[in-house]
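These are the residues of each chain, in order.
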Amino acid sequence: MRTAAGERLEVLVSSQDIKTRVEQLGKRISADYDGKDLVLIGILKGSFVFIADLARAIDLPLAVDFMAVSSYGMSTKSSGVVRIVKDLDNSLDGKHVLVVEDIVDTGLTLNYIYGHLKSRGAMSVKICALLDKVSRRQVAVPVHYKGFDIPDEFVVGYGLDVEERYRNLPDVCRVMKS
Ligand code: IMP
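Predicted model, so just to flag it, every value in this text is computed and none were measured.

Each value, and the rule that gives it
- Residues numbered from 1 in each chain as written.
- Predicted model: local features only at pLDDT ≥ 70, side-chain atom pairs only at ≥ 80, totals over all residues.
- Heavy atoms only, no water.
- Near = heavy atom within 4 Å.
- Polar contact = N/O pair within 3.5 Å; in protein donor to acceptor, adjacent residues only side chain to side chain.
- Areas by Shrake-Rupley, 256 points an atom, 1.4 Å probe, with all protein chains shown as cover.
- Helix = DSSP H or I, 4+ residues; strand = E, 2+ residues; numbered from the N terminus.
- Nonpolar A, V, L, I, M, F, W, Y, C, P; charged D, E, K, R; others polar.
- Core = buried A, V, L, I, M, F, W, Y, C linked by side-chain atoms within 4.5 Å.
- Buried < 20%, exposed > 50% of the residue type's maximum accessible area, 1.4 Å probe, protein only.
- Contact = heavy atoms within 4.5 Å.
- Phe/Tyr/Trp six-rings, centres within 6.5 Å; stacked < 30°, edge-to-face > 60°.
- Lys NZ or Arg CZ within 6 Å of the ring centre and 35° of its normal.

Peer 1: Got a minute to help me understand the site of the ligand in this structure?
Peer 2: Surrounding the ligand, one finds 17 residues, the nearest of these being Thr 106, Gly 107, Thr 109, Lys 133 and Val 155. Here an oxygen atom of the ligand and a side-chain polar atom of Glu 101 are 3.1 Å apart. Within the contact set of the ligand, an oxygen atom lies 2.4 Å away from a side-chain nitrogen or oxygen of Thr 109. With the chains in place, 91% of the 490 Å² that the ligand exposes on its own is no longer accessible. Of all the elements in the fold, those that place two or more residues in the shell around the ligand are β5 (96–104) and α3 (108–118). Looking at the shell around the ligand residue by residue, the class counts come to 7 nonpolar, 4 polar and 6 charged.

Peer 1: Explanation requested: the nonpolar core in the structure shown.
Peer 2: The nonpolar side chains of soluble globular proteins are, as a tendency, buried together. In terms of nonpolar packing, the biggest core is built from 28 residues, with Ile 29, Phe 50, Leu 54 and Leu 131 touching the most fellow members. Contributing elements (two or more residues each) for this core: α1 (15–32), β2 (38–44), α2 (48–57), β5, β6 (124–132) and β7 (145–149). With 5 residues, the top contributor of residues to this core is α2. If sequence neighbours within four positions are ignored, Ile 29 has contacts with Leu 38, Leu 54, Ile 58, Leu 60, Leu 98, Cys 128 and Tyr 145. Judged by nonpolar contacts, the second largest core, of 19 residues, contains Val 39, Met 67, Val 97 and Ile 113.

Peer 1: What is the right way to read the environment of Ile 58 from this model?
Peer 2: Looking at the secondary structure, you find Ile 58 in the loop between α2 and β3 (63–70). On the basis of relative accessibility, which here comes to 6%, the residue Ile 58 falls in the buried class. Sequence separation between Ile 58 and Ala 31 is 27 residues, and the spatial gap between their C-alpha atoms is 9.0 Å. The contact partners of Ile 58, leaving out residues within four places of it in the chain, are Gly 26, Ile 29, Ser 30, Leu 38 and Leu 40.

Peer 1: Explanation requested: the packing of aromatic side chains in the structure shown.
Peer 2: For any pair of aromatic rings, the description rests on two quantities: the centre-to-centre distance and the angle between the ring planes. A complete count under the given rule lists 1 aromatic pair for this structure. When the centroid spacing of 6.5 Å and the interplanar angle of 50° are considered together, the rings of Phe 50 and Tyr 158 count as tilted. Of this pair, Phe 50 sits in helix α2 while Tyr 158 sits in the loop between β8 (155–156) and β9 (172–177), and the two are 108 residues apart along the sequence. The pair Phe 50 / Tyr 158 is uniform in exposure class, with both members buried. A cation over a ring is seen here: Lys 36 above Tyr 33, with NZ or CZ 5.9 Å from the ring centre.

Next comes the structure, spelled out in structure tokens:
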């Protein structure tokens, strides 16, 4: 892909590896939620690519909803401040919720969302994250379904951005300054 001036991309997790892993996660989730009223909740914007692929890898009559929270703004550092900027469209009463997140970094965002959703009438709330930067964690959050552990590096692609760029990249890449 063409890059912004002064940036170079290096593949960390390839689109093929993502595809294989998403299929595995889809099979596990299909088995675990068989017979349950499942709703996937995508956290915007970063999860939009992952949730699209994951939803199609799950062989169940599920529903999809979205939430947007502000945590990073235009900076690459976590502010620790989490605010709902777009709430769910539908009630969670009687539903089994699977939160679909692109990446867990400090855990601050998911910790807030997890606590918040548990208070909204769902039968269960679990978390599925494509990427996990375990070494960066500041608060413990349970990641029930995980794609890949990655090192403490800033990554883009497959939904993830730097200042809104590179969400359309099929691989997860490191951004190198050239
Ligand atoms: P946390 O609250 O620190 O866990 O941050 C979670 C959010 O920060 C993710 O949903 C992403 O939007 C963003 N984020 C964390 N690490 C990265 C990264 O390496 N690249 C792009 N966005 C990231």
